[in-house]
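Observations on chain architecture
What follows is the residue order along each chain.
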Amino acid sequence: VILAILLIPREATNVTSSIRNRENADGLWVYASTTDGVEYTVADHFDTPDWNDDNQPDAEQWYSANGTGLGFNYDVGKDWLEVNVTESAENGGEIMALGFKAPEAGTYTLTVFTQNKWGQSSDKVVVSVGGEDVAEIPFTADVTQQTVEVTLEAGQVAYIHGTSNGGWVSTYIAAFVA
């Protein structure tokens, strides 16, 4: 079982509790959207949709102003975070991103797991700092793990998000930070 857990010195938190406590920009995990991979807008709406009309939530999601989501969809389990991409940025699409906001200046080790469960039109997940992609992680049907070191100033954010080769992509990730 892969848990999306954030570990930092002196404090520990995880993506699951952060989403469920409806924390966003004030926490260590930031849920945001971008259209260019450079500027990010914090997601501002949280919901637990019932897509099956069975009076049970099917997801716990943060949404952008345009309605693109990021959160836990129960069809793939509660340990994978779904980060949606509506279309490639080059084609005017919107990309949701999971961000880690550094509590203090330093070098952090991101361990990112990815899975392209549905064989969608994407082949990589990127880690971006300051609008620059600092790592590409293979996005395949098999679970892929990659470790990336990032140096951040206090309050700076490293974003993790999917890409699209055309059309909607549900990017599944789990991330640890130490």
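Note that the structure is predicted; figures quoted are calculated from it, not measured. (Residues numbered from 1 in each chain as written. Predicted model: local features only at pLDDT ≥ 70, side-chain atom pairs only at ≥ 80, totals over all residues. Heavy atoms only, no water.)

1. Observations regarding the overall build of the protein chain
Note the following rule: The numbering of helices and of strands both runs from the N terminus, where a helix is a DSSP run of H or I of at least 4 residues and a strand a run of E of at least 2. A 1.4 Å probe rolled over the protein chains alone gives each residue an accessible area, and that area as a share of the maximum for its type sets the label: buried under 20%, exposed over 50%, partly exposed in between. Contacts are residue-level and defined by heavy atoms, with any inter-residue pair within 4.5 Å sufficient. Only the protein chains shown count as cover for residues, with accessible areas throughout obtained via the Shrake-Rupley method and a probe of 1.4 Å.
A count of helices and strands for the protein chain gives one helix and 15 strands. The burial tally for the protein chain puts 50% of its 178 residues in the buried class. Sequence-distant contacts in the protein chain: of pairs separated by 6 or more residues, those separated by 24 or more amount to 62%. Taken as a whole, the protein chain presents about 8100 Å² of accessible surface, with 45% of it coming from carbon and sulfur.

2. Here's the deal with the confidence of the model for the protein chain
One rule of thumb: low pLDDT means the predicted coordinates there are not for detailed reading. Short version of the rule: How sure the predictor is of each residue is captured by pLDDT, a score from 0 to 100.
Across the protein chain, pLDDT averages 76, with 73% of residues at or above 70. Scored below 50 in pLDDT, residues 1–14 makes 38 contacts in the model with residues more than four places away or belonging to other chains.

3. Here we look at the side chain of Thr 163
We apply this condition: Contacts described as polar in this section are N or O atom pairs within 3.5 Å, which, within protein, must combine one atom able to donate a hydrogen with one able to accept it, while residues neighboring in sequence count only if both atoms come from side chains.
Secondary-structure assignment places Thr 163 in the loop between strand 14 (157–162) and strand 15 (169–177). For Thr 163, a relative accessible area of 15% corresponds to the buried category. Within the structure, Thr 163 has its side chain in polar contact with the backbone oxygen of Lys 124 (distance 2.9 Å). Leave out the neighbours within four places in its chain, and Thr 163 touches Val 85, Ser 121, Ser 122, Lys 124, Val 126 and Val 169.

4. So, the packing of aromatic side chains
Stated precisely, the cut-off is as follows: To pair, rings of Phe, Tyr and Trp, with the six-membered ring standing in for Trp, must have centres within 6.5 Å; the planes then decide the type, stacked if under 30 degrees apart, edge-to-face if over 60, and tilted in the middle.
Taken as a whole and assessed by the stated rule, the structure comprises four aromatic pairs. Grouping aromatic residues by their ring pairs yields a cluster made of Trp 29, Phe 100 and Tyr 108.

5. Remarks on the side chain of Thr 111
The topology assignment puts Thr 111 in strand 10 (residues 106–115). Assessed through its relative accessible area of 17%, Thr 111 is described here as buried. Ignoring anything within four residues of it in the chain, the contact list for Thr 111 reads Gln 145, Gln 146, Thr 147, Ala 174, Ala 175 and Phe 176.

6. Details of the pattern of salt bridges
Defined as follows: Salt bridge, as used here, is a side-chain nitrogen of Lys or Arg placed within 4 Å of a carboxyl oxygen of Asp or Glu.
Evaluated as defined, the whole model comprises one salt bridge. A salt bridge links Lys 124 to Glu 136, with the nearest nitrogen and oxygen atoms 3.2 Å apart. Pair noted here: Lys 124 is in strand 11 (residues 124–129) and Glu 136 is in strand 12 (residues 132–138), with a separation of 12 residues, a long-range link.

7. Digging into the nonpolar core
Keep this limit in mind: The definition of a nonpolar core used throughout is a set of buried Ala, Val, Leu, Ile, Met, Phe, Trp, Tyr and Cys residues joined through side-chain atoms within 4.5 Å.
One finds Val 127, Val 150 and Leu 152 to be the most contacted residues of the largest nonpolar core, which totals 31 residues. With near-sequence residues (within four places) excluded, Val 127 lies in contact with Leu 110, Glu 132, Asp 133, Val 134, Ala 135, Ile 137, Val 148, Val 150, Tyr 159 and Ile 160. Counting six residues, the second-largest nonpolar core is a separate cluster that includes Val 30, Ala 32, Tyr 40 and Val 157.

8. Re the environment of Asp 123
Structurally, Asp 123 can be placed in the loop between strand 10 and strand 11. For Asp 123, a relative accessible area of 46% translates into the label partly exposed. Not counting residues within four places of it along the chain, the set of residues in contact with Asp 123 comprises Ile 137, Pro 138, Phe 139 and Asn 165.

9. A few points about the environment of Leu 98
Summarising the element assignment, Leu 98 is placed in strand 9 (residues 95–101). The exposure class assigned to Leu 98 is buried, which follows from its relative accessible area of 1%. As a C-alpha pair, Leu 98 and Ala 32 span 66 residues in sequence and 6.6 Å in three-dimensional space.

10. Some thoughts on the pairing of strand 11
The condition is simple: In this description, strands pair whenever DSSP reports at least two bridges between them.
Counted residue by residue, strand 11 has five buried out of six residues, so it is predominantly covered. Here six bridges tie strand 11 to strand 12, and the two strands are oriented antiparallel to one another. Within strand 12, the position partnered with Val 126 by the bridge is Glu 136. Linkage of strand 11 to strand 12, two consecutive antiparallel strands, is achieved through a turn of two residues, within which Gly 130 is found at a positive phi near 60 degrees. Of the strand pairs in this sheet, strand 11 and strand 14 are connected by five bridges, and their pairing is antiparallel. Bridging from a neighbouring strand, Val 126 pairs with His 161 of strand 14.

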